[in-house]
Amino acid sequence: MSTLLTHIAISDGKIKRSSLEVLSRMHQLANEYGHDTEAVIIDEQPSQYVDEVAKYGASTIYTIENPIFKNHRNTPLLKALSAVMDEANPYIFGFGSTEGTKDILGALAANQDAAVLSDVSEFDLIDDGISATRPVMAAKILSENEAHGDQILVSVRSGSYDLNESQTDAETVNIDFSIDEDKIQSTLREIIGADSDKIDLSEAETIVAAGRGAKDEEGQDLINELASTLNAGIGASRALTEAGVMDPSLQIGQTGKVVSPQLYIAVGISGAIQHVAGMANSKVIVAINKDPDAPIFDIADYGIVGDLYKVLPPFIEELKTIKS
Ligand SMILES: Cc1cc2nc3c(=O)[nH]c(=O)nc-3n(C[C@H](O)[C@H](O)[C@H](O)COP(=O)(O)OP(=O)(O)OC[C@H]3O[C@@H](n4cnc5c(N)ncnc54)[C@H](O)[C@@H]3O)c2cc1C
């Protein structure tokens, strides 16, 4: 019996949904192949998240507590992750594929002499390692990979797996940790956060994305109203970020964010390959476009051919009625 360990990432005082998705998948694999499900929380106050993590099947939850983890910093996080690997000796160590893990996964693999597969959309256990599917070349190709070894790190794109509750009486194990600030060579000078009222696109369950078709004020108002009705995050095509209509941080695609919500509503977006690269992994795609030949319809699960200025107002009203 081996250990399948999951890193639980915390951001703005909340557990990242992508971590719980990985934990759910790890627990499913642990049950299937007879392994242990374990998790680790590294934070300034990790104990406050233990009950939530125990709902997803972890039998042991490691905690590493230190004020230095108030903000993401590579050096202390790397040291803490190495410490938990020494303690738990995981066969597979899973992560949500976030900006934070992208920064340190290679270094952790080198430190621990472990194999690594990053940014995968599916993974499974095989005889002496894991097999995984990884979207590459702007998601035009799905590459099939295998990693073999005694310890394997894997990071998984958000939205790849559903949450699956399985309550446990988890044992909590605190790992002692200290670090000398003077030995950290980088200094954290400033964090420029997104507006607090904006929903984090990488974690959003629903995204309303606007394209050139919705570039004027009336179009933007409709996008905002649709998003607020659905409690959705707002994204944009590059046509709108380049035109300065929407903030560059909202761009989705090859040179923007890669997202995989449960529901993606593309409004006035043609579906260029560079845009599709960032959202093709969404569970359900709805497209609203006046051109019946727009390529976005090739990947949409549901399509509405029509002028968004005529389609959206009754669509939003209907949603409001359903919600009330
Ligand atoms: C190297 C490179 C990287 C790139 N990276 C990205 C990226 O990360 N993300 C990205 O999005 N793009 C990216 N692009 C740009 C990409 O190629 C497209 O130009 C861009 O996605 C087009 O945006 P759009 O769909 O909003 O605009 P358009 O292609 O102009 O499409 C607008 C759509 O709106 C529809 N429309 C217009 N009016 C209405 C209306 N009233 N009602 C309903 N529908 C309407 C039209 O029928 C049309 O289909 C990149 C390009 C390059 C070369």
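Rules of the game
Residues numbered from 1 in each chain as written. Predicted model: local features only at pLDDT ≥ 70, side-chain atom pairs only at ≥ 80, totals over all residues. Heavy atoms only, no water. 1 Å grid on protein atoms, 1.4 Å probe; cavity = no way out; pocket = protein on both sides within 12 Å on 5 of 7 lines; lining within 4 Å. Points joined across faces, edges and corners; volume = space filled by probe spheres on them. Nonpolar A, V, L, I, M, F, W, Y, C, P; charged D, E, K, R; others polar. Domains from an automatic or database assignment. Contact = heavy atoms within 4.5 Å. Buried area = accessible area lost by both parts, 1.4 Å probe. Salt bridge = Lys/Arg side-chain N within 4 Å of Asp/Glu carboxyl O. Helix = DSSP H or I, 4+ residues; strand = E, 2+ residues; numbered from the N terminus. Buried < 20%, exposed > 50% of the residue type's maximum accessible area, 1.4 Å probe, protein only. Pairing = 2+ DSSP bridges. Axes fitted to C-alpha atoms, helices over the stretch in contact; angles between N-to-C directions. Expected span 1.5 Å × (residues − 1). Phe/Tyr/Trp six-rings, centres within 6.5 Å; stacked < 30°, edge-to-face > 60°. Lys NZ or Arg CZ within 6 Å of the ring centre and 35° of its normal. Patch = residues over 30% accessible without salt bridge, like charges linked within 9 Å, V, L, I, M, F, W, Y side chains within 5 Å. Areas by Shrake-Rupley, 256 points an atom, 1.4 Å probe, with all protein chains shown as cover. Lys, Arg positive; Asp, Glu negative; His and termini not counted. Charge placed at Lys NZ, Arg CZ, Asp CG, Glu CD.

Describe empty space enclosed by the protein, naming the residues involved and giving the relevant values.
The full count for this structure, using the stated rule, is one cavity of 30 Å³ or more. There is about 70 Å³ of room inside the largest cavity. Contributing to the lining of the largest cavity are 13 residues, with R17, E21, E203, A204 and S260 lying nearest its centre. For the lining of the largest cavity, the per-class residue count stands at three nonpolar, six polar and four charged.

So what's going on with the domain arrangement of the protein chain? Residues and values would help.
A common way to report how large an interface is uses the accessible area buried once the components associate. When cut into domains, the protein chain gives domain 1 (3-183) and domain 2 (206-323). Measuring from the centre of the C-alpha atoms in domain 1 to the corresponding centre in domain 2 gives 32 Å. Of the residues lining the interface, 10 residues belong to domain 1; the matching set on domain 2 comes to eight residues. Between domain 1 and domain 2, the buried area comes to about 740 Å², and carbon and sulfur atoms account for 45% of it. Where domain 1 packs against domain 2, one counts one salt bridge.

Tell me about the pattern of salt bridges, and name the residues and values.
One pass over the full model with this rule turns up 12 salt bridges. The residue E99 makes a salt bridge to K102 at a minimum N-O spacing of 3.8 Å. Within this pair, E99 and its partner K102 are both found in helix α4 (residues 99-112), separated by three residues, close to a single helical turn. Residue E99 is classed as exposed on the basis of its relative accessible area, which comes to 60%. In the salt-bridge network here, residues are joined through shared partners; they are R17, E21 and E205.

Go over the layout of surface pockets, please, and point to the residues and values.
In this model, the second largest pocket occupies a volume close to 500 Å³. Surrounding the second largest pocket, 28 residues form its lining, R212, S237, A239, I269 and S270 being those nearest its centre. Sorting elements by how many residues they give to the lining of the second largest pocket places helix α6 (residues 238-242) first, with three residues. Residues that form the lining of the second largest pocket fall into these classes: eight nonpolar, 14 polar and six charged.

Give a description of the sheet that holds strand β13 (residues 206-210) that names residues and reports values.
On the basis of which strands lie adjacent, the open sheet formed by five strands has the order β14-β13-β15-β16-β17 and parallel pairing. Edge positions in the sheet fall to β14 (233-236) and β17 (302-305), since each has one partner strand and no second. Averaged over neighbouring strand pairs, the angle between their axes works out to 15° when direction is ignored. As paired strands, strand β16 (residues 284-289) and β17 are joined by four bridges and run parallel to one another. Counterpart to N289 in the pairing with β17 is V305. Relative to β13, helix α5 (residues 217-230) is tilted by about 175°, and along the sheet it contacts β13, β14 and β15 (263-267). Sheet strands in contact with helix α9 (residues 308-323) are β15, β16 and β17, and its direction is about 130° off that of β16.

Describe the sheet that holds strand β9 (residues 129-136), and please don't skip the residues or the numbers.
What the three strands build is an open sheet, ordered β8-β9-β10; its pairing is antiparallel. Either end of the sheet is taken by a strand with one partner, and the two such strands are β8 (122-126) and β10 (141-148). Here the average twist between neighbouring strands, direction ignored, is 20°. When β8 meets β9, the two strands line up antiparallel, connected through five bridges. In the sheet register, E122 faces β9, and the bridge partner there is T133.

Before we move on, could you go through helix α3 (residues 74-88) and cite the residues and values that matter?
Given a rise of 1.5 Å per residue, 15 residues ought to cover 21 Å, and the 21 Å separating the end C-alpha atoms of α3 matches this to within 8%. Residues of α3 that are buried: P76, L77, L78, A80, L81, S82, V84, M85 and A88. On the buried face of α3, the contacting elements are β1 (3-8), β4 (36-43), β5 (60-65), β6 (92-96), α4 and β11 (152-156). The first or second residue beyond α3 is N89, which carries a positive phi of 45°.

Lay out the packing of aromatic side chains in plain terms, naming residues and giving numbers.
The full count for this structure, using the stated rule, is three aromatic pairs. Both rings, one in F93 and one in F95, keep their centres 4.5 Å apart while their planes meet at 40°; by these two values the pair is tilted. K79 extends its terminal NZ or CZ atom over the ring of F177, reaching a point 5.4 Å from the ring centre.

Quick one: what's the story with a negative patch on the surface, residue by residue and with numbers?
A surface patch of negative charge is lined by D216, E217, E218, D221 and D307. Within the secondary structure, D307 sits in the loop between β17 and α9. Classification of D307 as partly exposed rests on a relative accessible area of 31%.

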